[in-house]
Amino acid sequence: MSIEERFWAFHESNPKVYQLFDRFTKQVISRGHTRFSSDAILHRIRWETNVETHGDKFKINDHYSAYYARMWMDLNPDHDGFFATRELREAA
């Protein structure tokens, strides 16, 4: 299974991750940032889900930040380019 296929399976099983990604990205924008790191957002989500909350914990693959960044910008076209992106290279 490709990274992208694993990402979509993870996303479907864990919709809260995107909700947090959206919330934290909008929080960063509200603080005046015009560019930011999707990896930093993902680390903030890890903090939120592993330290601040109780209940089921899950691991988020580092490779997924590129997919969350692209999805977020697709859904928020006014902020296209907020996250820097590179050409995706598929790794097993």
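Quick summary incoming for the structure in this document. All of these numbers come straight from a predicted model, not from anything done at the bench.

Another point: the side chain of Ser-38. Following the sequence through the fold, Ser-38 ends up in helix α3 (residues 38-52). For Ser-38, a relative accessible area of 10% puts it in the buried group. If sequence neighbours within four positions are ignored, Ser-38 has contacts with Phe-21, Ser-65, Ala-66, Ala-69 and Phe-83.

It is worth spelling out helix α1 (residues 3-13) at this point. It helps to recall that an α-helix has 3.6 residues per turn; residues three or four apart then point in one direction. Of the residues making up α1, those classed as buried are Ile-3, Phe-7, Phe-10 and His-11. Take α1 and look down its axis: the buried residues cluster within an arc of 100 degrees, on one side only. Residues of α1 that are exposed and angled more than 90 degrees away from the buried face: Glu-12 and Ser-13. Elements in contact with the buried residues of α1: α2 (15-30) and α4 (64-75).

The next point concerns the packing of α1 against α4. At a closest axis distance of 10 Å, the pairing of α1 and α4 adopts a crossing angle of 70 degrees. Taken together, the axes of α1 and α4 lie roughly perpendicular to each other. Considering the relative orientation of α1 and α4, their crossing is right-handed. Contacts between α1 and α4 involve Ile-3, Glu-4, Arg-6, Phe-7, Trp-8, Phe-10 and His-11 from the former and Tyr-64, Tyr-67, Tyr-68 and Met-71 from the latter. Among the residues making up the contact of α1 with α4, the classes are represented as 8 nonpolar, 1 polar and 2 charged.

Taking 1.5 Å of rise per residue, the 16 residues of α2 would be expected to cover 22 Å, and the 23 Å separating its terminal C-alpha atoms lies within 8% of that figure. Among the residues of α2, those classed as buried are Val-17, Tyr-18, Leu-20, Phe-21, Asp-22, Phe-24, Thr-25 and Val-28. One or two steps after α2, the chain reaches Gly-32, where phi turns positive at roughly 100 degrees.

This part takes up the packing of aromatic side chains. One pass over the full model with this rule turns up 10 aromatic pairs. Ring centres of Phe-7 and Tyr-67 lie 5.3 Å apart, and the angle between their planes is 20 degrees; on these two criteria the pair is classed as stacked. Separated by 60 residues along the polypeptide, Phe-7 in helix α1 and Tyr-67 in helix α4 bring together distant segments of the chain. When its relative accessible area of 0% is taken as the criterion, Phe-7 is described as buried.

About the cut-offs
Residues numbered from 1 in each chain as written. Predicted model: local features only at pLDDT ≥ 70, side-chain atom pairs only at ≥ 80, totals over all residues. Heavy atoms only, no water. Helix = DSSP H or I, 4+ residues; strand = E, 2+ residues; numbered from the N terminus. Buried < 20%, exposed > 50% of the residue type's maximum accessible area, 1.4 Å probe, protein only. Contact = heavy atoms within 4.5 Å. Arc of directions from axis to C-beta. Axes fitted to C-alpha atoms, helices over the stretch in contact; angles between N-to-C directions. Parallel < 35°, antiparallel > 145°, perpendicular 65-115°, else oblique. Left-handed = near helix turned anticlockwise from the far one by under 90°. Nonpolar A, V, L, I, M, F, W, Y, C, P; charged D, E, K, R; others polar. Expected span 1.5 Å × (residues − 1). Phe/Tyr/Trp six-rings, centres within 6.5 Å; stacked < 30°, edge-to-face > 60°.

Structural measurements only, silent on function.
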